Amino acid sequence: MAQHPSRRLLSTCGIAGLEKLESLRAELMTRHLIERRVCKVHAEVGWRSRPELIPEMSVMQSCSSALWVLILLTTTFTIGSESVNGPVKVKLHDSATLSCFERCSGLARWTVFHKRSDTLAECDQTSCRSVKEGYQMIQDQYLKGNLSLTITDADFSKRGWYTSDCASKDVCDVHLQIEPLNTTVEMMADESLILRVDVSDAVDVTYNSTGTPGPTSGQICTVDGRSLQCKPEYTQRSSLTSGVELRRMTPSDSGVYTVMDKRNKEVIHTYTVTVQDVQQSSIWKDGYQKGNSDGYQKGSEDGYRNGLGIGAGVFGVIALALGVILGMFAGPQVRRLMGLCVQTFRGEDPSDRKRGNPSGGLQAEDIESGVALARAPQPEL
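Quick summary incoming for the structure in this document.

Rules used in this analysis
Residues numbered from 1 in each chain as written. Predicted model: local features only at pLDDT ≥ 70, side-chain atom pairs only at ≥ 80, totals over all residues. Heavy atoms only, no water. Helix = DSSP H or I, 4+ residues; strand = E, 2+ residues; numbered from the N terminus. Buried < 20%, exposed > 50% of the residue type's maximum accessible area, 1.4 Å probe, protein only. Contact = heavy atoms within 4.5 Å. Areas by Shrake-Rupley, 256 points an atom, 1.4 Å probe, with all protein chains shown as cover. Disulfide = S-S within 2.5 Å. Lys, Arg positive; Asp, Glu negative; His and termini not counted. Salt bridge = Lys/Arg side-chain N within 4 Å of Asp/Glu carboxyl O. Polar contact = N/O pair within 3.5 Å; in protein donor to acceptor, adjacent residues only side chain to side chain. Phe/Tyr/Trp six-rings, centres within 6.5 Å; stacked < 30°, edge-to-face > 60°. Pairing = 2+ DSSP bridges. Axes fitted to C-alpha atoms, helices over the stretch in contact; angles between N-to-C directions.

1. A look at the overall build of the chain
Right, so step 1: Looking only at helices and strands, one finds seven helices and 18 strands in the chain.
Right, so step 2: Sorting the 381 residues of the chain into buried and exposed places 31% on the buried side.
Right, so step 3: Within the chain, residue pairs in contact and separated by at least 24 positions form 58% of the contacts whose partners lie at least 6 positions apart.
Right, so step 4: Only carbon and sulfur atoms are counted for the fraction: they give 58% of the accessible area of the chain, which is about 24200 Å².

Here you go:
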């Protein structure tokens, strides 16, 4: 099948080349309009009355011819690529829908632009089939003229151009892009920074300073497969491990690092890096530890004092309760013992008192006489 001129341009230039070509076409159109105005002015003056302008006119006509050739070339691309839809941009691992609207009575299918024999999904009047896992078309939509393809899990390996055809006739070209990843990194001086390479294509690593005097901004490394090429100031401290590893980072290395697809000029991953000086971090760490230590010591002292006060109060309450209990139950026994002591001192037999007092208790007058006897002076023996 013969390839459309616009498709040859697309395969040769890529999306970045096409954008530049379109920009050039717009510029040439602007120049052409200016030339036409100049020619109109000269026509009003009259070429015949100004023969010295004839060579200039020939040059302008030649330039105009060249301009028109370029304009025709780029316009041919623009007119012939009406089926080229705008890029579809989604987040990593989100689903993506590549839209295409075209009535198709035959077999409709989607393929990767650079690998047309590899069918991803297809539909006909009876059914739809997902030839490769993760790609699908919907039968109801196909019957209504909607040939859109759904990619269930869009990752960096699925970036690129996709083509839909109906009965072997190309109808849509759609470019799938993945939104760049953004990572913020805060690290200490002398640590290593690892910039992941999330694609298998060749990438450039660029650096932009955030204001701190340091290395010159611009491209610093290129990765192509397992090959790493870096600028001389980065060669001695860079290596390719799980990504581009930059060792012995310093505060002057703070800034924005960008991993970009080299061929398509698409940003893959952006790292915003802040490197903290070791001395400043040590001062902060010492102050933090001292604050914790002082707080712990003060808290311990306050707790000890509060604990003593609470303990003394509890002990006082317990002692008071014990005194009340002892007074209630031990008081009568103490008075009885005191009466027995008085009787013994007076030489009385408790049994006599018991006979006089069948209840066995002490009379009030006995206690009073016993107290008086105890207070009287005793004769010397």
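So, next bit.
2. With respect to the state of the cysteines
What makes a disulfide is a covalent bond joining the sulfur atoms belonging to two cysteines.
Right, so step 1: The full count for this structure, using the stated rule, is four disulfides.
Right, so step 2: The disulfide partner of Cys-123 is Cys-128, and the gap between their sulfur atoms is 1.6 Å. Every disulfide takes its handedness from the sign of the S-S torsion; for Cys-123 and Cys-128 that torsion is 110 degrees, giving right-handed.
Right, so step 3: Of the residues examined, Cys-123 reaches a relative accessible area of 0% and is grouped as buried.
Right, so step 4: Judged by its relative accessible area of 24%, Cys-128 falls in the partly exposed class.
Right, so step 5: Between the sulfur atoms of Cys-221 and its disulfide partner Cys-230 the distance amounts to 2.0 Å.

3. Things to note about the side chain of Glu-245
Right, so step 1: By secondary structure assignment, the location of Glu-245 is in strand E16 (residues 243–246).
Right, so step 2: Salt bridges are absent for the buried Glu-245, whose nearest opposite-charge side chain, Arg-247, sits at 4.9 Å.
Right, so step 3: Here Thr-241 takes part through its side chain, which lies 3.5 Å from a polar atom of the side chain of Glu-245.
Right, so step 4: When sequence neighbours within four positions are dropped, the list of residues in contact with Glu-245 reads Ser-192, Leu-193, Ile-194, Arg-237, Ser-238 and Ser-239.

4. Section: the packing of aromatic side chains
Right, so step 1: Inspection of every chain in the model, using the stated rule, returns two aromatic pairs.
Right, so step 2: Residues Tyr-135 and Tyr-162 carry aromatic rings whose centres are separated by 6.5 Å and whose planes lie at 45 degrees to one another, so their mutual orientation is tilted. Placement of Tyr-135 in strand E6 (residues 135–136) and of Tyr-162 in strand E8 (residues 160–166) is noted, with a sequence separation of 27 residues between them.
Right, so step 3: By relative accessible area, Tyr-162 is classed as buried at 3%.

5. Side note on the side chain of Ser-254
Right, so step 1: Residue position: Ser-254 is located in the loop between E16 and strand E17 (255–261).
Right, so step 2: Residue Ser-254 is classed as buried on the basis of its relative accessible area, which comes to 8%.
Right, so step 3: A polar side-chain atom of Ser-254 sits 2.9 Å from the main-chain amide nitrogen of Val-275.
Right, so step 4: Not counting residues up to four positions away in its chain, the partners in contact with Ser-254 are Tyr-207, Ser-209, Thr-210, Val-273, Thr-274 and Val-275.

6. As for the sheet that holds strand E18 (residues 267–276)
Right, so step 1: Ordered in space as E10-E18-E17-E12-E13-E14, the six strands form an open sheet in which the pairing is mixed. The sheet terminates laterally at strand E10 (181–188) and strand E14 (227–230), the two strands that pair on one side only. Neighbour to neighbour, the strand axes of the sheet diverge by 20 degrees on average, direction disregarded.
Right, so step 2: Inspection of the sheet shows strand E12 (residues 203–209) paired to E17 by seven bridges, in the antiparallel sense. In the strand pairing of E17, Val-203 is matched with Asp-261.

7. As for the sheet that holds strand E2 (residues 96–98)
Right, so step 1: One open sheet accounts for three strands, arranged E2-E7-E6; its pairing is antiparallel. With partners counted over all chains shown, the strands left at the sheet margins are E2 and E6, one partner each.
Right, so step 2: Judged from the three bridges that link them, E2 and strand E7 (residues 149–151) form a sheet pairing that is antiparallel. Bridging across to E7, Thr-97 finds its partner in Thr-150.

8. Describing the pairing of strand E3 (residues 108–112)
Each regular strand shows side chains that alternate between the opposite faces of the sheet.
Right, so step 1: Burial within E3 is extensive, with five of its five residues counted as buried.
Right, so step 2: Covered by surrounding structure in E3 are Ala-108, Trp-110 and Val-112 together with Arg-109 and Thr-111, the residues of both alternating faces.
Right, so step 3: Strand direction decides the pairing type here: E3 and strand E4 (residues 115–123), joined by five bridges, are antiparallel. Each residue of the ladder has a partner; that of Ala-108, found in E4, is Cys-123.

9. Brief notes about the pattern of salt bridges
Right, so step 1: Using the criterion set out here, one finds 14 salt bridges in the structure.
Right, so step 2: Between Asp-165 and Arg-116 there is a salt bridge; the shortest N-O distance is 3.4 Å. In this pair, Asp-165 is assigned in strand E8 and Arg-116 in strand E4, connecting sequence segments 49 residues apart.
Right, so step 3: Residue class for Asp-165 comes out buried when judged on its relative accessible area of 2%.
Right, so step 4: Its salt-bridge partner being Lys-262, residue Asp-204 comes within 3.6 Å of it at the nearest N-O pair. Separated by 58 residues along the polypeptide, Asp-204 in strand E12 and Lys-262 in the loop between E17 and E18 bring together distant segments of the chain.
Right, so step 5: Through salt bridges with shared partners, a single ionic network connects Arg-109, Arg-116, Asp-165 and Asp-170.

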